[in-house]
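# Report on the structure
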Amino acid sequence: MTKQPHFKRVLLKLGGESLLGDREYGIDPKAATAVAEEIKSVHETGSQVIVVIGAGNIFRGIAGAANGIERSTADYMGMLATVMNSLAIQDALEKIGVDTRVQSGLEMPAVAEPYIRRRAIRHMDKGRVLILAAGTGAPYFTTDTGAALRGLELGCDVIMKATKVDGIYDKDPIKYPDAVKYEELSFMDALKNRIEVMDTSAFALCMDNKLPIMVFDFFQKGNAKRAVEGAKIGTIVK
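These lines cover the structure that appears in this document, whether it is placed above or below. (Residues numbered from 1 in each chain as written. Predicted model: local features only at pLDDT ≥ 70, side-chain atom pairs only at ≥ 80, totals over all residues. Heavy atoms only, no water.)

What follows concerns the nonpolar core. Core analysis: the biggest nonpolar cluster contains 40 residues, and Leu14, Ile39, Ile89 and Met160 have the highest contact counts within it. Residue assignment for this core shows that the elements contributing at least two residues are strand E1 (9-14), helix H1 (29-43), strand E2 (48-53), helix H3 (71-95), strand E5 (129-133), strand E6 (158-163), strand E10 (213-217) and helix H8 (223-228). For this core, the element with the highest residue contribution is H3, accounting for six residues. When sequence neighbours within four positions are dropped, the list of residues in contact with leucine 14 reads Val35, Ile39, Val51, Val52, Ile53, Gly54, Ile89, Ala162 and Phe218. Counting 28 residues, the second-largest nonpolar core is a separate cluster that includes Leu11, Ile50, Leu185 and Ile213. (Core = buried A, V, L, I, M, F, W, Y, C linked by side-chain atoms within 4.5 Å. Buried < 20%, exposed > 50% of the residue type's maximum accessible area, 1.4 Å probe, protein only. Helix = DSSP H or I, 4+ residues; strand = E, 2+ residues; numbered from the N terminus. Contact = heavy atoms within 4.5 Å.)

Structure below.
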């Protein structure tokens, strides 16, 4: 008998850096394949999967603005970079047999469908992995905020925030060997302790609407699948 997923619908929030591999910038096809394999393992549990990826490997809007590009323009450039990353993940997933759809907050019909909520749900009901690109389609919102908004809009059970650490600690575990990991944390405690789980707007959306955030080590092979199946992985903020 197949084990039922603990979460029926999840939003996986990835950083653009997950596609870097050994490169300083851009997209490493091997890294994209490794990411795709982890997403496939979650999809095979029967859980419906939404993927949102940032643009840190190509372009960051805030960094661009700091370097003299007008903020709205920089943010639109960042959105376009997330489309590139989304297409890379789509390509990697479909090469290993996973049916996908990319929907974009910016209209670009040659490469992606426009984001339409009911169509997005229909794709998931048909067993496709849904990849959401270009954030909200508006400047001044990060991909974290876009992920929180879509996670709520599409009825997700949890936002799975992919990181390189295995959860949230009371202090930096690299500097302090006695650091203690939280298995669970309330939104208010996370705020009081100034823990930067996601940016402020995204965090406020999740807190106000009681959408839990799971912070976990995505790069430990099999972690994402085990988390969706209900294993105690990472830290849950709720």
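This part covers the sheet that holds strand E11 (residues 235-237). Note on sheets: strands pair through backbone hydrogen bonds, and any given pair is parallel or antiparallel. One open sheet holds the nine strands; their spatial order is E4-E3-E5-E2-E1-E6-E10-E11-E9, and the pairing between them is mixed. One side of each edge strand has no neighbouring strand; the edge strands of this open sheet are strand E4 (113-114) and strand E9 (184-185). Of the pairings in the sheet, the one linking E6 to E10 comprises five bridges and is parallel in character. What sits directly across from methionine 160, in E10, is methionine 214. (Pairing = 2+ DSSP bridges.)

One can describe the packing of H1 onto H3 by two numbers: an axis separation of 8 Å at closest approach and a directional angle of 65°. Between H1 and H3, the angle falls in the class roughly perpendicular. Every pair of crossing elements has a handedness; the one defined by H1 and H3 is right-handed. On the side of H1, the interface is formed by Ala32, Thr33, Ala36, Ile39 and Lys40, while H3 contributes Ala88, Ile89, Ala92 and Leu93. (Axes fitted to C-alpha atoms, helices over the stretch in contact; angles between N-to-C directions. Parallel < 35°, antiparallel > 145°, perpendicular 65-115°, else oblique. Left-handed = near helix turned anticlockwise from the far one by under 90°.)

As a further point, take unusual backbone geometry. Even without being a glycine, alanine 134 presents a positive backbone phi close to 65°. In this structure, alanine 134 sits in the loop between E5 and helix H5 (143-153). Assessed through its relative accessible area of 0%, alanine 134 is described here as buried. One non-glycine residue with positive phi stands out, namely tyrosine 140, at about 75°. Secondary-structure assignment places tyrosine 140 in the loop between E5 and H5.

Moving on: the pattern of salt bridges. Any two side chains of opposite charge can pair, on the condition that their charged atoms come close. This structure, assessed with the given rule, holds 13 salt bridges. One salt bridge connects aspartate 91 with lysine 95, and the closest N-O pair in it is separated by 3.0 Å. Taken together, the residues span about one helical turn, with aspartate 91 and lysine 95 both in helix H3 at a distance of four residues. A salt bridge links glutamate 184 to lysine 238; the shortest N-O distance between them is 3.7 Å. Taken together, the residues span a long stretch of sequence, with glutamate 184 in strand E9 and lysine 238 in the segment after E11 at a distance of 54 residues. Within the structure, one salt-bridge network assembled from shared partners comprises Asp99, Arg101, Glu113, Arg119 and Arg128. (Salt bridge = Lys/Arg side-chain N within 4 Å of Asp/Glu carboxyl O.)

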